[in-house]
Amino acid sequence: MTVDFAFIGAGGIASIHLDYLADRTDASVVGVCDVDESTAESVARAHGAEAFTDHRDLYESLDFDAVVVGIPPFAHADQERLAVEHGVDLFVEKPLALDAATPRENERAIAESEILTQVGHMNRYAESVQRADELIGDRTLSLVDGRWWCGVPDTAWWRVADRSGGQVLEQATHTYDLVRYFAGDIDAVHAVGGQRVNTDVIDFPDATSASMIHENGVTSHVSATSTAVETDLTVDLVGDGFQLELDPPADRLVGMVDGEPVEFEGGGRRYEREMDAFVEAVRTRDGTLLRSPYADARRTFETTLAVNRALDAGEPQVVEQ
């Protein structure tokens, strides 16, 4: 079976998936939608697909098996719900929206359907993450400490909170997702933040620090900043007999387990491996291949919303489930 894909959004992260699918013999791109007409037409032409500027027209005009939604947070409207209505499997990039209501409504619709879903938390497919999971096994995890330290992206909409949701929601969500992956769902969030460097560049904190308590008692912490000179996207895992440091972009894991050193380096194919899983799931209808289904990813999204609320309120916030 060849999986026919449509794309809603053809820039940024979508281009990574488009390029990878172009090299596969078991997948084809039949439709490309982008609000920028020239982008839609040029990308569609490169993939032998039809071009659209309105996603509703794409759904009504084409038959396809799966859709990839890769659009900015502020642009989410009915793209996912239309996938449910048309019975096509859904791959959607994070973050899921700017508000809580849209993802909750989408999750309810998905739950009542038979479609398969995957959200682009690609770090779950890093070989180093899987190796850390294997090494920890049933050991007791005590602390998870993550960082998303980088500079300010060039993307104009990213710099405006009303369009990106800020760094926590748009970028550091990857770190919060790994925290949840290892430590489980979160009860409450305490967070502080400030803006001392990028005062004329962004309209949200350029440094944040969030501490969390998980339902199972694990303690976690995530710091994020857009003022870093060097990028640091690492996650530390500490518990009974182990201390590990994960670097998902480098697909590297180092540390100690039971006094023995750990050094592991994966193949660095996070994006490819998550798309491999999605294509295979669509082909075989095996949802167990999908490590970040929509319902689970919404809980990561709710975590980042709670962090933003805690930053605004100056007091702890409950993570809605």
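Counting of residues starts from 1 at the beginning of each chain's written sequence and follows it residue by residue. For this predicted model, a pLDDT threshold of at least 70 governs which residues receive local features, and a threshold of 80 or more governs which side-chain atom pairs are given and counted, while totals over whole chains, interfaces and linings are taken from all residues. The basis for the side-chain values is all heavy atoms of the structure; hydrogens and waters are excluded.

Enquirer: If you had to explain the overall build of the chain to someone new, which residues and values would you point to?
Expert: Helix and strand labels come from DSSP, where a helix needs a run of H or I of at least four residues and a strand needs a run of E of at least two; each type is numbered from the N terminus. Check the secondary structure of the chain and you find 11 helices and 15 strands. Here the chain has a C-alpha radius of gyration of 20 Å; the compact-globule value for 321 residues is 20 Å, and the two agree. Overall, the C-alpha framework of the chain stretches about 55 × 45 × 40 Å when taken along its three principal axes. Counting the 321 residues in the chain, one finds 52% classified as buried. Pairs of residues are marked as contacts when any of their non-hydrogen atoms sit within 4.5 Å. Restricting to contacts in the chain with at least 6 residues of sequence separation, those with at least 24 account for 66%. Counting every atom, the chain has about 13700 Å² of accessible surface; 45% of that belongs to carbon and sulfur. A residue counts as positive if it is Lys or Arg and as negative if it is Asp or Glu; His and the chain ends are not included. For charged residues, the charge sits on one atom: NZ in Lys, CZ in Arg, CG in Asp, CD in Glu. Here the chain contributes 25 positively and 60 negatively charged side chains, and the mean placements of these two sets differ by 2 Å. C-alpha atoms define the radius of gyration, and 2.2 Å times the number of residues to the power 0.38 defines the globule rule. The classification of residues rests on relative accessible area computed with a 1.4 Å probe and restricted to protein chains. Under 20% of the type maximum is buried, over 50% is exposed, and intermediate values are partly exposed. Areas reported here follow the Shrake-Rupley algorithm with a probe of radius 1.4 Å; residue values treat only the protein chains shown as occluding.

Enquirer: So what about unusual backbone geometry? Which residues, and what values?
Expert: With an omega of -15°, the peptide bond running from K94 to P95 counts as cis. Relative to the elements of secondary structure, P95 occurs in the loop between β5 (89–92) and α5 (101–111). A positive phi angle, near 65°, is found at R285, a position not held by glycine. For R285, the position within the fold is in the loop between α10 (270–284) and α11 (294–313). Under the relative-accessibility criterion, R285 is labelled partly exposed at 44%.

Enquirer: Mind laying out the sheet that holds strand β2 (residues 27–33), listing which residues take part and the relevant values?
Expert: Pairing between strands is defined by DSSP: at least two bridges between them are needed. Taken in spatial order, the 6 strands make up an open sheet running β3-β2-β1-β4-β5-β6, and their pairing is parallel. The sheet terminates laterally at β3 (50–52) and β6 (117–119), the two strands that pair on one side only. Neighbour-to-neighbour, the strand axes of this sheet turn through a mean angle of 20°, independent of strand direction. Summarising the sheet, β2 and β3 pair through 3 bridges and their orientation is parallel. Along β3, the bridge assignment pairs G31 with E50. To obtain an axis, a line is fitted to C-alpha atoms, over the contacting stretch when the element is a helix, and the angle between two such axes runs from 0 to 180 degrees between their N-to-C directions.

Enquirer: Kindly report on the pairing of strand β8 (residues 186–194), identifying the contributing residues and their values.
Expert: Sheet topology note: the β8/strand β9 (residues 207–214) ladder contains 8 bridges and is antiparallel. Looking across to β9, one finds that A191 is bridged to A210.

Enquirer: Account for the environment of Q321, naming residues and giving values.
Expert: If you trace the backbone, Q321 turns up in the segment after β15 (317–318). Residues Q321 and D187, 134 residues apart in the sequence, show an inter-C-alpha distance of 9.1 Å. The residues contacting Q321, other than those within four sequence positions of it, are D185, I186, E215, R298 and R299.

Enquirer: Describe the sheet that holds strand β14 (residues 260–265), with residues and values.
Expert: Strand order across the open sheet formed by 9 strands is β14-β13-β12-β11-β7-β10-β9-β8-β15, with mixed pairing between neighbours. Both outer strands of the open sheet, β14 and β15, are each paired with one neighbouring strand and no more. The sheet strands contacting helix α6 (residues 127–136) are β11 (235–239), β12 (242–247), β13 (252–257) and β14, and the helix crosses β12 at an angle near 170°.

Enquirer: Explain helix α4 (residues 79–86) to me, and be specific about the residues and the numbers.
Expert: Regarding α4, the residues found buried are Q79, E80, L82, A83 and V84. The inward-facing, buried residues of α4 contact β1 (3–8), α3 (55–61), β4 (66–69), β5 and α5. Of the residues one or two after α4, G87 is the one with positive phi, at around 70°.

Enquirer: Tell me about the packing of α4 against α5, and name the residues and values.
Expert: Here α4 crosses α5 at 10°, and the two axes come no closer than 9 Å. Considering the angle they form, α4 stands roughly parallel to α5. Between α4 and α5, the contacting residues are E80, R81 and V84 on the first element and T102, E105, N106, A109 and I110 on the second. Under the convention adopted here, Pro, Cys and the residues Ala, Val, Leu, Ile, Met, Phe, Trp and Tyr are nonpolar, Asp, Glu, Lys and Arg are charged, and Gly plus all remaining residues are polar. Looking at the contact of α4 with α5 residue by residue, the class counts come to 3 nonpolar, 2 polar and 3 charged. Just so you know how the angles are binned, under 35 degrees is roughly parallel, over 145 roughly antiparallel, 65 to 115 roughly perpendicular, and the rest oblique.

Enquirer: Account for the UniProt feature "domain: Gfo/Idh/MocA-like oxidoreductase N-terminal" (unreviewed entry) in the chain, naming residues and giving values.
Expert: UniProt positions are given in the numbering used here, feature names are shortened, and annotations may be inferred rather than shown by experiment. Within this structure's numbering, the places UniProt gives as "domain: Gfo/Idh/MocA-like oxidoreductase N-terminal" (unreviewed entry) are residues 5–121. As a span, residues 5–121 carries 39% helix and 21% strand, and end to end its C-alpha atoms are 19 Å apart.

Enquirer: Can you break down the UniProt feature "domain: GFO/IDH/MocA-like oxidoreductase" (unreviewed entry) in the chain residue by residue, with the values?
Expert: The sites that UniProt annotates as "domain: GFO/IDH/MocA-like oxidoreductase" (unreviewed entry) are residues 144–240. What you have in residues 144–240 is 21% helix and 36% strand, and the ends, taken at the C-alpha atoms, are 13 Å apart.

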